[in-house]
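A closer look at the structure
Read off the chains here:
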Amino acid sequence: MADLLWDDVKGFFDPDLMGSLPDVRVPDVSVEDWQAVLDLVSEKGWKCQYFEGESVLPVPRAEAVLSRPTDAECPVLRVWPTADVLAIFRFHAADEVDFDVDLRKLQGQERLDVFCGFLREIGRRLGKPVLMDPEGDDGHPVIGFDVGVDRVVLLADPQVR
């Protein structure tokens with residue numbers, strides 16, 4: 001059974017309303033949690049590419065990437081849970097897992113199910129909520145993985161948008 005139904009949430013996946021790259025985050029994490037996410041990507045066999053600037057490099061340990069100088073360019077990890085769904089992780093801070101998803105690619109029930117499954121995998125691994133905010137509107141999540149019910153749920157009223 002689907003966590004969310006496309007017809008109920010499609011407004012939250014409208015790039016004109018939400019921005020094309022909404023912010024997905026796991027607050028209150030540690031370097032060990034970041035490493036757990038990197039391990040999950042590897043264990044699941046999800047295609048990924050790690051970038052520092054224009055250079056594609058092997059995925060480092062979380063401790064190494066998060067201990068870079070503050071003036072260094074922010075590394076990026078692109079993860080494809082499926083060929084059609086892309087998550088772009090940015091290593092801004094050790095205390096929050098932060099990634100974007102491209103809403104232009106997340107259209108329809110099938111891709112919504114993949115996205116919800118991806119959030120569930122991360123949330124279950126970390127035992128923490130995974131929250132999606134409109135682009136540039138942190139702190140106002142509209143959907144997210146709820147640890148207590150072990151599924152992705154609505155966190156805002158779709159009619160408000």
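Rules used throughout
Residues numbered from 1 in each chain as written. Predicted model: local features only at pLDDT ≥ 70, side-chain atom pairs only at ≥ 80, totals over all residues. Heavy atoms only, no water. Core = buried A, V, L, I, M, F, W, Y, C linked by side-chain atoms within 4.5 Å. Buried < 20%, exposed > 50% of the residue type's maximum accessible area, 1.4 Å probe, protein only. Helix = DSSP H or I, 4+ residues; strand = E, 2+ residues; numbered from the N terminus. Axes fitted to C-alpha atoms, helices over the stretch in contact; angles between N-to-C directions. Parallel < 35°, antiparallel > 145°, perpendicular 65-115°, else oblique. Left-handed = near helix turned anticlockwise from the far one by under 90°. Contact = heavy atoms within 4.5 Å. Nonpolar A, V, L, I, M, F, W, Y, C, P; charged D, E, K, R; others polar. Polar contact = N/O pair within 3.5 Å; in protein donor to acceptor, adjacent residues only side chain to side chain. Pairing = 2+ DSSP bridges. Phe/Tyr/Trp six-rings, centres within 6.5 Å; stacked < 30°, edge-to-face > 60°. Lys NZ or Arg CZ within 6 Å of the ring centre and 35° of its normal.

1. Focus on the nonpolar core
- In this structure, Phe-13, Phe-89, Phe-99, Phe-115, Ile-122 and Ile-143 are the most contacted members of the largest nonpolar core, which totals 44 residues.
- It is helix H5 (residues 109-126) that contributes the most residues to this core, seven residues altogether.

2. Side note on the packing of helix H3 (residues 31-44) against H5
- Direction vectors running N to C along H3 and H5 enclose 130°, while the axes themselves pass 10 Å from each other. Between H3 and H5, the crossing angle belongs to the class labelled oblique. Considering the relative orientation of H3 and H5, their crossing is right-handed. Here Asp-33, Ala-36, Val-37, Asp-39, Leu-40, Glu-43 and Lys-44 of H3 lie close against H5, whose contacting residues are Glu-121, Ile-122, Arg-125 and Leu-126.
- Residues of the contact of H3 with H5, tallied by class, amount to five nonpolar, no polar and six charged.

3. A closer look at the side chain of Gln-35
- Structurally, Gln-35 is set in helix H3.
- If we ignore the near neighbours within four places in the chain, the residues touching Gln-35 are Arg-61 and Ala-62.

4. Comments concerning the side chain of Asp-100
- Note that Asp-100 resides in strand S6 (residues 96-101).
- A polar side-chain atom of Asp-100 sits 3.0 Å from a polar atom in the side chain of Arg-90.
- When residues no more than four places from it in sequence are discounted, the contact partners of Asp-100 are Leu-21, Pro-22, Asp-23, Leu-86, Ala-87, Ile-88 and Arg-90.

5. Side note on the sheet that holds S6
- The strand order across the open sheet built from nine strands is S3-S2-S4-S5-S6-S1-S7-S8-S9, with neighbouring strands paired in antiparallel fashion. Two strands close off the open sheet at either side, each with one partner strand: strand S3 (55-57) and strand S9 (151-154). Strand-to-strand twist in this sheet, taken as the mean axis angle between neighbours without regard to direction, amounts to 30°.
- Two strands pair when backbone bridges link them, and strand S8 (residues 143-146) and S9 are joined in this way by four bridges, in the antiparallel orientation. Paired with Asp-146 across the strands is Arg-151, a residue of S9.
- Contacts from H3 reach strand S2 (47-52), strand S4 (76-82), strand S5 (85-93) and S6 within the one sheet, and its direction differs from that of S5 by about 155°.

6. Looking at the packing of aromatic side chains
- For the structure shown, the criterion picks out eight aromatic pairs.
- Between Phe-99 and Phe-118, the aromatic rings sit 5.7 Å apart at their centres with planes inclined by 85°, giving edge-to-face as the arrangement. Pair noted here: Phe-99 is in strand S6 and Phe-118 is in helix H5, with a separation of 19 residues, a long-range link. The residues Phe-99 and Phe-118 share a single accessibility class, namely buried.
- These aromatic residues form a ring-pair network of at least three members: Trp-46, Phe-89, Phe-99 and Phe-118.
- The ring centre of Trp-80 lies 4.6 Å from the NZ or CZ of Lys-47, which sits over that ring.

Interpretation in functional terms is not warranted from these geometric data alone.
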